[in-house]
Amino acid sequence: MPMDGVMLGFVARQLDTVLRDGRVDRVIQPEKYEIHLLIRAQGVNHRLVLSAAASAARVHLSEHAKTGPMEPPMFCMLLRKYLCGGRVLAVRRIAGDRILEIDISNLSELGDPVTRTMVVEIMGRHSNIILRAADGRIVDAVRHVGQDISRVRQVLPGLTYAYPPAQGKLNPETATAEEIALRLAQEGGKLVIALHIKVGFGLNISTITQSITHRVKLEKAIGACVAGFSPQAAREAAARIGMNGSSLVSEIDVQAAADALHSYLREMPSLSPCVVTLDDAGTPTDVFPFPQMHLPTAQTAQYADPSAALDAYFYERDRRDRLNQRSASLAHALKNHIERCEKKIAIQNEALEGAARMEEYRQNGELLQANLYRLQKGEPVAVVENYYSENCEPVSIPMDVSLSPAQNAQRYFKLYQKARGARTLAAEQKEKAEQELEYLEQMEDDLRKCTDARGLSELREMLVASGHVRQPSSRVKPRKEGPSQP
């Protein structure tokens, strides 16, 4: 669960402690939906990452720098105008949901103190980064939402900012045990269905009322009651209160579950340490704000704060994604060249099979040449003795009726010469194609084993040198990297 409401709560508490009263020195926009704020706080430089990318929406401090474009986007220039030099007043999460607000105080054009708010909405493909003025007006957003996209809520400069539609869930920071018990009971309560049945052809209508009990699991009910709880967070909550998340709400003591869940919500902010789960190769697979009891024991890396864990997880994931994107074009080019080589080899094999009749053409030409005195023009088939055989049995040779016997003999000699030349050329071309195929398959295997950008660059250079990949045309001279390790 990289960034649900639970994780965002841990991050918000950390940022409010670390960045409060910090000065915004720089604003960078390295990606279309990613903003970096360089903040000097408590004598330390911090890099705050705000991302509204659909697959990587997040907020955390980072140790990894990214360079911005030569010409900053308009949203970046606007943030520099209003935020640079300002002071961070507070960082808070809204109602336990996936919305983070950062209040930043700065001076207006007239020198008066003005407070503006950076709002980060983490909602998958609807994620956004919005700059809000003190009067609630939207200054600008990294992702504009017009009426053609959403008729319920528009996000455009000049409009009054409104929070996303509320889902009616409980705030985990303020919910009481009684409220939790009531909501759990509602989620697992009874549903009344009225069935209206018309009797005969008249207007008499009878109503049958039937109550059906919801078969709602505890973990699903928790996720439906508490704001910001993802399915994994709800499953962990059920494990932490000592209950089976797959149990039906209608079959458990709801009040006891609510009391235990209330206690868990109160103590959850103090749980530690943050963990990143790893696969057998040591690659991060998921990140959590504290160790998870509902997951099987797996290899993990522990971190002192949520930002460090998120930074490690997303840095490795971004690195793999970028490597896969860069290698995708090479893999596609290699696949096309391999298929082309295989077609070449198939064609040359056909040519070699056709050249197998070379000796037959030569023999036919010599037999016709030796029997010219016996043959007449216009005969479709020439039957002559085959003196190449021990018994000299007769052999039938197809003839072109439009040619004389001498011309038919010359035609077979030409077919022989053509087949002999084709055999030599086909053998040479086949050998070259097989060597190229072996080289390309080796490069394809190296590409699958490539794990860093330097090795990928070396593979590209080798394919450019061999003529299988075009040299990318760019005015900017690429930075020379050191040789990769074996």
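Residues numbered from 1 in each chain as written. Predicted model: local features only at pLDDT ≥ 70, side-chain atom pairs only at ≥ 80, totals over all residues. Heavy atoms only, no water.

Thoughts on helix α2 (residues 74-83)
Here's step 1: Those residues of α2 that sit buried are Phe75, Cys76, Leu78, Leu79, Tyr82 and Leu83. The arc that holds the buried residues of α2, viewed along the axis, is 160°, so those residues lie on one side. Exposed and facing more than 90 degrees away from the buried side of α2 are Met74 and Lys81.
Here's step 2: Residues of α2 that are buried in the fold lie against β1 (23-31), β2 (34-41), β6 (99-107), β7 (113-121), β8 (128-132) and β9 (138-141).
Here's step 3: Gly85 lies just past α2 and shows a positive phi near 90°. (Buried < 20%, exposed > 50% of the residue type's maximum accessible area, 1.4 Å probe, protein only. Helix = DSSP H or I, 4+ residues; strand = E, 2+ residues; numbered from the N terminus. Arc of directions from axis to C-beta. Contact = heavy atoms within 4.5 Å.)

Some points on helix α6 (residues 254-267)
Here's step 1: In this model, α6 (14 residues) spans 20 Å end to end at C-alpha, consistent with the 20 Å of a helix rising 1.5 Å per residue.
Here's step 2: Considered for burial, the residues of α6 that qualify are Val254, Ala257, Ala258, Leu261, Tyr264 and Leu265. Across the axial projection of α6, the buried residues extend over an arc of 125°, all falling on one side.
Here's step 3: Residues of α6 that are buried sit in contact with α3 (177-187), α4 (218-225) and α5 (231-240).
Here's step 4: One side-chain oxygen at the N-terminal end of α6 lies 3.3 Å from the backbone nitrogen of Gln255; it belongs to Asp253. (Expected span 1.5 Å × (residues − 1). Polar contact = N/O pair within 3.5 Å; in protein donor to acceptor, adjacent residues only side chain to side chain.)

Some words on the nonpolar core
Here's step 1: Core analysis: the biggest nonpolar cluster contains 48 residues, and Leu48 and Leu50 have the highest contact counts within it.
Here's step 2: The contacts of Leu50, once residues within four sequence positions are left out, are Tyr33, Glu34, Ile35, Leu37, Arg58, Val59, Ile102, Met118, Val120 and Ile129.
Here's step 3: Counting 28 residues, the second-largest nonpolar core is a separate cluster that includes Leu184, Ile222, Cys225 and Ala234. (Core = buried A, V, L, I, M, F, W, Y, C linked by side-chain atoms within 4.5 Å.)

Structural notes on the confidence of the model for the protein
Here's step 1: Scored by pLDDT, the protein comes out at a mean of 87, with 91% of its residues at no less than 70.
Here's step 2: Note on residues 190-212: pLDDT is under 50 here. Beyond four places in sequence and across chains, it has 29 contacts. (pLDDT = per-residue confidence, 0-100.)

Re the packing of α3 against α6
Here's step 1: One can describe the packing of α3 onto α6 by two numbers: an axis separation of 8 Å at closest approach and a directional angle of 130°. The angle between α3 and α6 places the two elements in the oblique class. Here the hand of the crossing between α3 and α6 comes out right-handed. For the pair α3 and α6, the contacting residues are Ala177, Ile180, Ala181, Leu184 and Ala185 in the first and Val254, Gln255, Ala257, Ala258, Asp259, Leu261, His262 and Leu265 in the second. (Axes fitted to C-alpha atoms, helices over the stretch in contact; angles between N-to-C directions. Parallel < 35°, antiparallel > 145°, perpendicular 65-115°, else oblique. Left-handed = near helix turned anticlockwise from the far one by under 90°.)

Section: the sheet that holds strand β14 (residues 300-303)
Here's step 1: Here three strands make up an open sheet; going across it, the order is β13-β12-β14 and the pairing antiparallel. At either end of the open sheet lies a strand with only one pairing partner, and these are β13 (284-288) and β14. Strand after strand, the sheet turns through a mean of 20° between neighbouring axes, direction not considered.
Here's step 2: Taken together, the four bridges between strand β12 (residues 274-278) and β13 define a ladder with antiparallel strand orientation. What sits directly across from Thr277, in β13, is Asp286. (Pairing = 2+ DSSP bridges.)

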